[in-house]
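# Descriptive structure summary
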Amino acid sequence: MFDNVLVPTDGSDCAEVAVGYANDLATRYGATVHALSVADSRLIETGPHSDRLRERCEETAGEVCDYLSTEGLQVEKAVRTDLPHRAILEYVADHDIDLVVMGTHGRTGVERYLLGSVTEKVVRLSDVPVLTVREADGDDARYPYDDVLVPTDGSEAAAAAVDPAVDIAHRYGARLHALSVVDQMAMGVDVRSEAIMEALEDSARSALDAVEERAIGSSVSAVETTVEYGNPFREIRSYVTEHDIDLVVMGTHGRDSIERYLLGSVTEKLVRTSSAPVMTVRMPDSAES
């Protein structure tokens, strides 16, 4: 599933954490890792030390490749001059990249925000899965994965994440958790209506059954399915904490506009605040309305 893994790097601590995750996945999949460092064209246009900036990018990408080579991986070094997110997305398209691994970082407040606009734009626009990891994960790395969570509501967007989640769980010998949250408030449901509640629960169970069937067919060692009730974002995040989830795999969808946006606020909030790394998987264009 993952033959070419891209890890953009700027030499920051957060990027170094992402290198560790890319190393682990590439080792499991026998993938080639592409280390890309981008000299921001805006800085080169306005800065007096453009040559030094390019040299530093070469050094940064080279250091990552040297490290990964000692780990026995096939590596490719790349340096580009462009807007960082655009260079990353173009590299993905031009080199048949299957997965992008990038770092995020947090700040004090109600929500943690994505690392600048670069990671955010790549997550929003990428046609391939993007694994986002926090700098804090370097202190307590979640790999190798023992527990993988795939939230699902039965939609096509959510279904896009099932195959990658199942494949990773199988590859790591991990337990696959499938979670569906019944959000009565969002549906405008009168909780006193048993018929409506039963329909929502049946829909949630059907979505979970589809994941379980796929996992069993792929010889996943253990599968756990759960229906919860409440706010999807809060219930998913609570599940991650309570079950020591190592990786969340979630679907996103696109829209025909300048930028593609994350699937509602649930996936976006999980990427920003989850204590576990989150892999976003975009729904294929052919499945979009």
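Anything mentioned here points back to the structure above.
Note that the structure is predicted; figures quoted are calculated from it, not measured.

What follows covers the packing of aromatic side chains. Evaluated as defined, the whole model comprises 3 aromatic pairs. Their ring planes at 70° and their centres at 5.0 Å tell us that Phe-2 and Tyr-29 sit as a pair that is edge-to-face. In this pair, Phe-2 is assigned in the segment before β1 (4-8) and Tyr-29 in helix α1 (residues 13-29), connecting sequence segments 27 residues apart. Note on Tyr-145 and Tyr-172: the rings are 4.8 Å apart at their centroids and 55° apart in plane angle, and the pair reads as tilted. Of this pair, Tyr-145 sits in the loop between β5 (130-134) and β6 (147-151) while Tyr-172 sits in helix α7 (residues 162-172), placing them 27 residues apart in sequence. Take Tyr-172: its relative accessible area is 8%, and that puts it in the buried class.

Attention now moves to the pattern of salt bridges. All told, the structure shown has 12 salt bridges when counted by the stated rule. The partner of Asp-163 in a salt bridge is Arg-214, with the nearest N and O atoms 2.6 Å apart. Of this pair, Asp-163 sits in helix α7 while Arg-214 sits in helix α8 (residues 194-217), and the two are 51 residues apart along the sequence. Each of the salt bridges in this network shares a partner with another, and the network as a whole consists of Arg-52, Glu-55, Arg-56, Glu-59 and Glu-63.

A separate point is unusual backbone geometry. Only a minority of non-glycine residues have a phi that is not negative, and only a minority of peptide bonds are not trans. A cis amide bond, omega -5°, links Tyr-143 with the succeeding residue Pro-144. Note that Pro-144 resides in the loop between β5 and β6. Within the chain, Asp-96 stands out as a residue other than glycine whose phi angle is a positive 50°. The topology assignment puts Asp-96 in the loop between α4 (84-94) and β4 (99-104). Residue Asp-96 is classed as exposed on the basis of its relative accessible area, which comes to 57%. Phi at Ser-219 is positive, roughly 60°, even though this residue is not glycine.

Looking at the secondary structure, you find Val-101 in strand β4. Val-101 gets classed as buried once you look at its relative accessible area, which sits at 0%. Separated by 29 residues in the primary sequence, Val-101 and Val-130 have C-alpha atoms spaced 5.8 Å apart. In contact with Val-101, other than residues within four places in its own chain, are Val-5, Leu-6, Val-7, Pro-8, Ala-18, Tyr-21, Ala-22 and Leu-131.

What follows is about the sheet that holds β4. Strand order in the open sheet formed by 10 strands is β3-β2-β1-β4-β5-β10-β9-β6-β7-β8, with mixed pairing between adjacent strands. Two strands bound the open sheet, and with one partner strand each, they are β3 (75-82) and β8 (222-229). The mean angle between the axes of side-by-side strands here comes to 25°, regardless of whether they run parallel or antiparallel. Sheet topology note: the β4/β5 ladder contains 5 bridges and is parallel. Bridging from a neighbouring strand, Met-102 pairs with Thr-132 of β5. Along the sheet face, helix α3 (residues 50-70) touches β2 (32-40) and β3 and points at about 160° away from the line of β3. The sheet strands contacting α4 are β1, β2, β3 and β4, and the helix crosses β3 at an angle near 135°.

Turning our eyes to something else, we now look at the environment of Phe-2. Under the relative-accessibility criterion, Phe-2 is labelled buried at 2%. Measuring from C-alpha to C-alpha, the distance between Phe-2 and Thr-32 comes to 8.9 Å, with 30 residues separating the pair along the chain. Here Phe-2 is in contact with Tyr-29, Ala-31, Asp-98, Leu-99, Pro-129, Ile-168 and Met-279, once residues within four sequence places are set aside.

Inspection of the secondary structure puts Asn-4 in strand β1. Residues Asn-4 and Ile-97, 93 residues apart in the sequence, show an inter-C-alpha distance of 4.9 Å. Setting aside residues up to four positions removed in sequence, Asn-4 forms contacts with Ala-31, Thr-32, His-34, His-95, Asp-96, Ile-97, Asp-98 and Leu-99. A polar contact of 2.9 Å, which involves the side chain of Asn-4, links it to the side chain of His-34.

Looking now at the nonpolar core. One finds Leu-131, Tyr-145, Val-148, Ile-168, Leu-176 and Met-279 to be the most contacted residues of the largest nonpolar core, which totals 49 residues. It is α1 that contributes the most residues to this core, 8 residues altogether. Residues contacting Ile-168, with those up to four places away along its chain left out, are Phe-2, Tyr-29, Tyr-145, Val-148, Leu-247 and Met-279.

Procedures and definitions
- Residues numbered from 1 in each chain as written.
- Predicted model: local features only at pLDDT ≥ 70, side-chain atom pairs only at ≥ 80, totals over all residues.
- Heavy atoms only, no water.
- Phe/Tyr/Trp six-rings, centres within 6.5 Å; stacked < 30°, edge-to-face > 60°.
- Helix = DSSP H or I, 4+ residues; strand = E, 2+ residues; numbered from the N terminus.
- Buried < 20%, exposed > 50% of the residue type's maximum accessible area, 1.4 Å probe, protein only.
- Salt bridge = Lys/Arg side-chain N within 4 Å of Asp/Glu carboxyl O.
- Contact = heavy atoms within 4.5 Å.
- Pairing = 2+ DSSP bridges.
- Axes fitted to C-alpha atoms, helices over the stretch in contact; angles between N-to-C directions.
- Polar contact = N/O pair within 3.5 Å; in protein donor to acceptor, adjacent residues only side chain to side chain.
- Core = buried A, V, L, I, M, F, W, Y, C linked by side-chain atoms within 4.5 Å.

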